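What follows is each chain in one-letter form.
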Amino acid sequence: MSARLAKQKGEWINRSTAVKFSFEGKEFSGFEGDSITSALWASGEQVIGRSFKYHRPRGILSFANHDVNIMLTDGMDTNIRGDVVPVRNGMALEAVNTDGGVKKDKNRFIDSISPLLPVGFYYKAFHTPRKLFPFWENIIRKAAGLGVVNFNYPRILKRKKHRHCDVLVIGAGASGLSAAYEAGKSGLRVMLVDENLQIGGSLGFDWGGTQEAANLLKDLLAKVESLPNVEVIAAAYAAGYYPDHLIPVVTADGMIKVRANAVIMASGAFEQPPVFRNNDIPGVMLGSAAQRLLHRYSVKPFSNGVVFTANDYGYRVAQDLLEAGIKVAAVVDLRSDAKDGPLAAQLARRGVKTISGSCIYEVQPNAGKTGVKSVTVAEYDEKLNEALTRSKVTIDCDGVAMCAGWAPAANLLYQAGTAMRYDYGVHQFVPNKLPAGIFAAGRVNGVYALEQKVQDGARAASLALRHIGLGTPELSSVSPSNTAQSHEYPVVPHPKGKNFVDFDEDIQVKDFINAAKEGFDNIELMKRFTTVGMGPSQGKHSNMNAIRILARVRGVPVEQIGTTTSRPFFHPTPIGHLGGRGFHPHRLTPLHDMNHKLGAVFTDVGAWKRAAYYQVPGLSLADTVLAEVEAVRTKAGIIDSSSFGKIEVHGPDAALFLERFFTGSYSVQPVGSSRYTMLLDESGVVIDDGLAHRLADDLFYLSSGTSNAAAVYREMQRWQQMWQLDIGLVNVTGSYAAINIAGPLARQVLSGLVNVSLDESAMPAQSICEAEIAGVPVRLIRVVFVSDTTYELHIPTPQAAFVWERVMGAGHALGLKPFGTDAQRLLRLEMGHAMPGIDTDGLTNPYEIGADHALSLDKPDFIGKRSLQIIAKRPLKKILVAFALDAGYAGEMPFECNLVIRDGEIEGRVTSIAYSRTVGRVIGFAYVAPDHSALESRFQIRADSGALVSATVVSSHFIAMQK
Amino acid sequence: MQTDKFITPIAHAFSAGLGSWGVINGMQVVTQFVDKDVEEIRKELLGIADASFLGKFGVKGRHAAQWLQDQGVDIPTQSNSWVADADGNLVLRLGGSEFLIEDAPDGNLCEKLLKADAKRAGVYLVPHVEASLVLSGSAVQELLVEVCSIDLTRAALGTQEVIMTQFAGVSVVLIHQDLEGEARYRVWCDSSYGPYLWEFMAGIASEHSGGPIGVGNYFSL
């Protein structure tokens with residue numbers, strides 16, 4: 001039987017377009033604009049989900065995306081929020097968290113054994129005996145969770161956008177619309193966001209039997225729409241607050257990171273359920289949920305209902321039900337003085353009886369627990385917090401609307417640092433002291449009457465404009481409502497329990513009492529023990545009642561209990577939204593395509609893509625690298641070194657700057673020569689190394705490793721800020737490409753290309769000159785990093801490819817081969833060069849790597865000198881040594897980071913290790929105790945399998961061991 | 001200028017074989033990506049073009065401003081602002097004492113400055129080989145809001161402001177320029193990031209029915 005009402009003004013559905021879909025294998029139809037839930041409810045389906053823990057049947061609770069009773073899967077996506085997701089043609093939906101379907105869920109038996117499964121039972125039950133824990137863990141892990149993650153879910157782009165505005169208004173109810181209009185009148189950029197598909201907030205459904213709210217909505221919408229500078233974004237929730245008024249607004253398509261000069265939180269309040277036995281049976285729903293069904297989708301929540309209220313709101317709900325032609329069997333009011341008031345009188349005139357000072361003691365479900373059969377009503381002693389069951393009556397009905405009060409949607413206010421206070425007038429937390437630029441209006445502020453909400457929005461807008469700097473007059477403040485909008489303790493004890501506080505986690509009143517008895521009587525501890533508020537609803541309907549229960553258990557005021565910490569995002573947000581498009585900035589050398597054509601396999605080095613090796617068909621990776629090394633050792637190799645850091649230091653104080661910045665001596669360095677540079681931090685730790693090439697008295701050209709270039713340049717700028725020397729720093733890393741030609745034939749390769757002599761006397765090791773190759777200016781440097789004969793060409797980036805081709809052409813007949821970073825690391829190892837970052841860590845000082853030669857301690861000062869002087873007085877604890885495994889070793893290959901073991905104790909670790917065909921041995925660097933660092937000392941390396949491999953300390957100039 | 005020695009720093013992004021290559025101002029660049037008509041449409045919606053061929057010159061130091069003025073260059077008086085001279089050459093003041101100058105397509109100011117004597121205390125030449133881009137179109141803000149966290153709307157951006165910010169994680173220099181009645185954004189980034197940034201932004205542009213276009217759509221060549 002259809003629960004659809006006749007067409008009414010303001011409904012969200014388009015009755016001219018039908019939508020066909022299936023749920024749990026059964027065909028249904030709804031209308032365009034229906035949510036999944038409204039379409040099912042209109043078709044008489046009330047069991048649409050199962051609870052997380054006890055697998056109890058569940059229907060509508062809030063119907064507002066604030067609870068998770070109804071979560072579905074369409075086979076591709078999971079945890080689809082049926083209450084708010086529009087139904088589409090062809091959808092094939094099933095409830096999540098069932099075994100065998102929502103109606104015949106095999107796990108429903110758990111409800112009958114729930115007394116055996118109180119909160120925290122698994123904390124206590126399964127940790128011993130330990131050997132059984134994996135068994136229980138497997139069961140618990142399978143039972144946990146709701147929807148099943150689809151690992152084949154396609155990547156759907158969710159854009160992240162940055163937006164800016166003067167005033168951001170969160171919530172488009174009466175207060176938010178009023179605030180947006182008032183702020184918008186100034187001409188400033190105003191953004192108004194609301195989580196609902198259509199704006200208007202409660203004006204769109206909370207009518208109280210009159211057209212006042214609907215008319216006000218029409219008026220406010222017209223006003224806002226008249227202002228082109230007010231941008232309205234519906235179906236978007238403000239998910240968190242970050243400093244400087246950065247607020248991520250989540251939409252179906254992605255996320256908008258809004259930065260606002262001022263923020264008005266008109267986010268409203270979450271309706272709170274009273275707590276009584278079987279308050280989760282399908283058909284028992286919040287009063288506002290019933291109103292949403294009625295006025296948004298024209299669907300009857302039930303046919304003959306009881307309104308259980310603890311505030312005046314329940315009477316508005318009852319009036320709306322009556323207007324829709326729904327029978328209201330009774331209004332049960334927890335407050336003892338309710339029946340004599342005007343609201344009860346209005347209902348009495350329409351034939352509805354108000355039973356005041358009473359509660360719903362329990363709901364009797366129908367046979368299959370799929371709906372409501374009747375309710376038992378009993379008197380309620382507010383002082384003793386007891387239902388007086390001696391006078392209970394049973395009322396037949398098929399549904400219950402619950403109205404116990406509200407909890408402010410203050411999550412973002414908390415995150416922004418708002419100091420809240422508990423207001424005993426409205427019985428809710430309200431802002432006490434707001435941070436600069438943050439303003440609150442409406443229900444979140446404790447203001448409930450329609451006219452006052454509008455005023456409060458305008459007031460907040462005036463304050464926001466004043467904050468921005470406009471001379472807007474300050475409007476008078478609006479006091480929180482003077483009648484209690486929430487009941488101070490809407491909790492009905494029942495000896496048989498099932499009076500749920502947290503619908504996500506099936507947490508009952510007794511669970512809180514037991515938790516407090518066990519000592520978890522602090523709200524943060526109680527939260528973690530009971531898991532209240534930790535489900536997908538994040539406590540929207542449970543936290544306030546949990547606080548009230550704990551306050552009652554401890555006998556303290558609510559404000560003394562406080563609230564749990566609110567963290568962004570306050571509403572579950574798909575990972576895809578957080579990931580967004582994904583930025584992976586990377587740098588390519590100007591020779592990238594050249595390398596690619598040569599078969600390069602690239603590796604990430606810092607932000608750069610560098611050629612690791614050049615693939616040769618039929619050759620293993622190890623053999624490929626060894627072949628590249630062999631080319632360098634026997635003929636010539638070429639490597640793209642464009643990623644090296646390159647910095648120019650100009651000016652009369654350039655040498656002085658280097659003296660202070662690095663550990664070596666540069667003031668007397670001849671023009672045309674290169675010197676080693678080592679950079680320490682203030683504590684004497686090795687940060688980086690490289691070379692300083694002097695191009696002129698007042699110009700040094702520095703080159704350093706790939707990874708640290710940007711950091712080194714930043715450090716230079718920082719120190720120059722303090723030293724204020726007469727220099728200019730220019731980072732030319734991207735301006736120059738670099739190519740190294742290494743090996744015994746390197747000179748021969750280049751000699752026909754460059755316009756300068758490469759003779760040993762003209763171009764010795766550690767020298768630099770300016771030259772040209774085919775008219776392209778190059779900086780030609782003689783280095784010894786990977787071989788004794790290496791030339792480094794630094795070329796203006798746009799001409800690098802041209803020069804590379806010329807060099808490759810010249811070297812072709814000489815056997816010139818490209819080599820990558822893998823071969824480079826082995827080549828430098830053979831040369832005995834330790835590398836910062838590989839052979840050092842965040843604590844290594846120069847003495848530990850034997851770099852005393854790089855220290856000019858006679859200089860007045862350099863970064864880290866004072867620390868080095870202290871370190872020098874202390875005995876070394878470790879020292880880096882070169883080692884080789886025994887000749888012919890063919891056992892398990894140790895790796896970098898394997899430990900050096902002596903007498904069963906850790907003595908050090910391996911930092912570099914590789915097989916060198918040149919040397920014919922496995923060689924490497926390792927830290928050992930200084931006492932064992934002498935040449936020929938023996939030590940053992942523990943390989944991954946645990947096997948101990950013997951090694952011998954050797955001279956670091958491995959190349960001299962060449963077979 | 002030796003025509004076959006220079007190649008645009010964005011070349012890698014064009015290596016798929018799309019477009020027609022040519023030489024502009026001595027640099028190999030893609031001069032046309034698709035049919036002229038399609039490029040026109042892209043330009044109206046969200047066009048992105050490679051202007052890396054334009055000559056660039058950089059200088060910094062405490063006397064850089066004076067040196068440029070001595071060379072007859074009009075410089076912006078405010079930090080982080082830019083001016084265009086009568087010939088269309090751009091002069092960007094990066095901070096207080098650093099300048100980036102970019103030639104108009106037929107300009108030779110940079111070549112002239114390179115030949116000038118810059119051997120003066122407090123004047124340091126800065127080589128510039130950045131990737132240089134042009135963006136325009138009705139949907140350009142849709143691109144900017146995805147790649148940059150700061151407000152780059154016309155209302156927020158002063159007419160002569162130089163913005164140093166990040167696009168998709170890459171440091172860029174940006175200005176907004178009205179030229180020939182058309183609003184354009186000019187963007188410069190380190191040449192090594194050029195292919196990444198181009199591919200990233202061209203991808204977004206194509207989602208808005210825009211995309212790469214030849215730079216001739218923006219400059220008379």
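Since this is a predicted model, take the numbers as computed values, not measurements.

**Brief notes about the overall build of chain B**
Then, in step 1: Helices and strands together make up the secondary structure of chain B, namely five helices and 14 strands.
Then, in step 2: Expected size for 221 residues packed as a compact globule is a radius of gyration near 17 Å; at 17 Å, chain B falls within 12% of this value.
Then, in step 3: Its C-alpha atoms give chain B principal-axis dimensions of about 50 × 40 × 30 Å.
Then, in step 4: Of all 221 residues assigned to chain B, the portion counted as buried reaches 49%.
Then, in step 5: Here the analysis covers contacts within chain B between residues at least 6 apart in sequence; of these, 63% occur between residues at least 24 apart.

**Considering the domain arrangement of chain B**
The extent of an interface is frequently quoted as the accessible surface area lost upon association of the parts.
All names here are of chain B.
Then, in step 1: The assigned domain composition of chain B is domain 1 (6-46 + 131-169 + 185-215) and domain 2 (56-125).
Then, in step 2: When each unit is reduced to the centre of its C-alpha atoms, the spacing between domain 1 and domain 2 is 24 Å.
Then, in step 3: Contacts between domain 1 and domain 2 engage five residues on the former and nine residues on the latter.
Then, in step 4: Class assignment of the residues belonging to the side of domain 1 that touches domain 2 gives a composition of two nonpolar, two polar and one charged.

**Comments concerning the interface of chain B and chain A**
Then, in step 1: The interface of chain B with chain A comprises 31 residues on the first partner and 31 residues on the second.
Then, in step 2: Elements with a minimum of two residues in the side of chain B that touches chain A: strand E1 (6-7), helix H4 (140-147) and helix H5 (194-207) of chain B.
Then, in step 3: Of the residues in the side of chain B that touches chain A, the class split is 17 nonpolar, eight polar and six charged.

**Regarding helix H1 (residues 36-46) of chain B**
Residue and element names in this part refer to chain B.
Then, in step 1: Along H1, the positions that sit buried rather than exposed are Glu39, Arg42, Lys43 and Leu46. Taken around the axis of H1, the buried residues stretch over an arc of 110°, which confines them to a single face.
Then, in step 2: In the core, the buried residues of H1 are packed alongside strand E3 (27-32), strand E4 (47-50), strand E10 (131-136), H4, H5 and strand E14 (211-212).

**Points about the confidence of the model for chain B**
Residues and elements named next belong to chain B.
Then, in step 1: Overall, the predicted model of chain B reaches an average pLDDT of 93, with 97% of residues at or above 70.
Then, in step 2: Mean pLDDT across the secondary structure elements of chain B bottoms out at E1, with 89, and peaks at strand E7 (residues 90-94), with 98.
Then, in step 3: Predicted complex metrics record ipTM = 0.96 and pTM = 0.90.

**Details of the packing of helix H17 (residues 621-634) of chain A against helix H22 (residues 821-830) of chain A**
Residue and element names in this part refer to chain A.
Then, in step 1: Viewed as axis vectors pointing N to C, H17 and H22 meet at an angle of 55°, and their least axial separation amounts to 9 Å. As far as their axial angle goes, H22 and H17 are oblique. The interaxial crossing formed by H17 with H22 has right-handed handedness. Each of Val625, Glu628, Val629 and Val632 in H17 lies in contact with H22, whose residues at this interface are Asp822, Ala823, Leu826 and Leu827.
Then, in step 2: Considering only residue class, the contact of H17 with H22 consists of six nonpolar, no polar and two charged.

**Some points on the pairing of strand E19 (residues 358-365) of chain A**
Residue and element names in this part refer to chain A.
Then, in step 1: For E19, the tally of buried residues reaches seven of eight residues, placing the bulk of the element in the interior.
Then, in step 2: Note: E19 against strand E20 (residues 372-381), seven bridges, orientation antiparallel. Residue Pro365 lies in a different strand from E20, and its bridge partner there is Val372.

Conventions and cut-offs
- Numbering of residues begins from 1 in every chain and follows the order in which that chain's sequence is written.
- The order in which chains are written sets their letters, starting at A; the order in which ligands are written sets their numbers, starting at 1.
- Two thresholds apply to this predicted model, a pLDDT of at least 70 for residue-level local features and 80 or more for giving and counting side-chain atom pairs, whereas whole-chain, interface and lining totals are computed over all residues.
- Secondary structure is summarised from DSSP: a helix means a run of H or I of at least four residues, a strand means a run of E of at least two, and numbering begins at the N terminus for each.
- The size measure is the radius of gyration over C-alpha atoms, and the globule rule it meets is 2.2 Å times the number of residues to the 0.38 power.
- Counting other C-beta atoms within 10 Å of a residue's C-beta gives its exposure: the residue is buried at 20 or more, exposed at 12 or fewer, and partly exposed in between, where C-beta atoms are placed from the backbone.
- Note on contacts: residues are paired as contacts if their backbone-placed C-beta atoms lie within 7 Å.
- Start and end points for every domain follow an automatic or database-based domain assignment.
- Gly counts as polar in this scheme, as do all residues outside two lists: the nonpolar Ala, Val, Leu, Ile, Met, Phe, Trp, Tyr, Cys and Pro, and the charged Asp, Glu, Lys and Arg.
- What the arc describes is the spread of directions from the helix axis to the C-beta atoms.
- Scored from 0 to 100, pLDDT records how confident the predictor is in each individual residue.
- Fitted lines through C-alpha atoms serve as axes, helices being fitted only where they are in contact, and the angles separating the N-to-C directions of these axes extend from 0 to 180 degrees.
- Throughout this description, any angle smaller than 35 degrees is read as roughly parallel, any larger than 145 degrees as roughly antiparallel, any in the 65 to 115 degree range as roughly perpendicular, and the remainder as oblique.
- In this scheme, a crossing is called left-handed if the near helix is turned counterclockwise away from the far one by less than a right angle; it is called right-handed if the turn is clockwise.
- In short, DSSP must find at least two bridges between two strands for them to pair.

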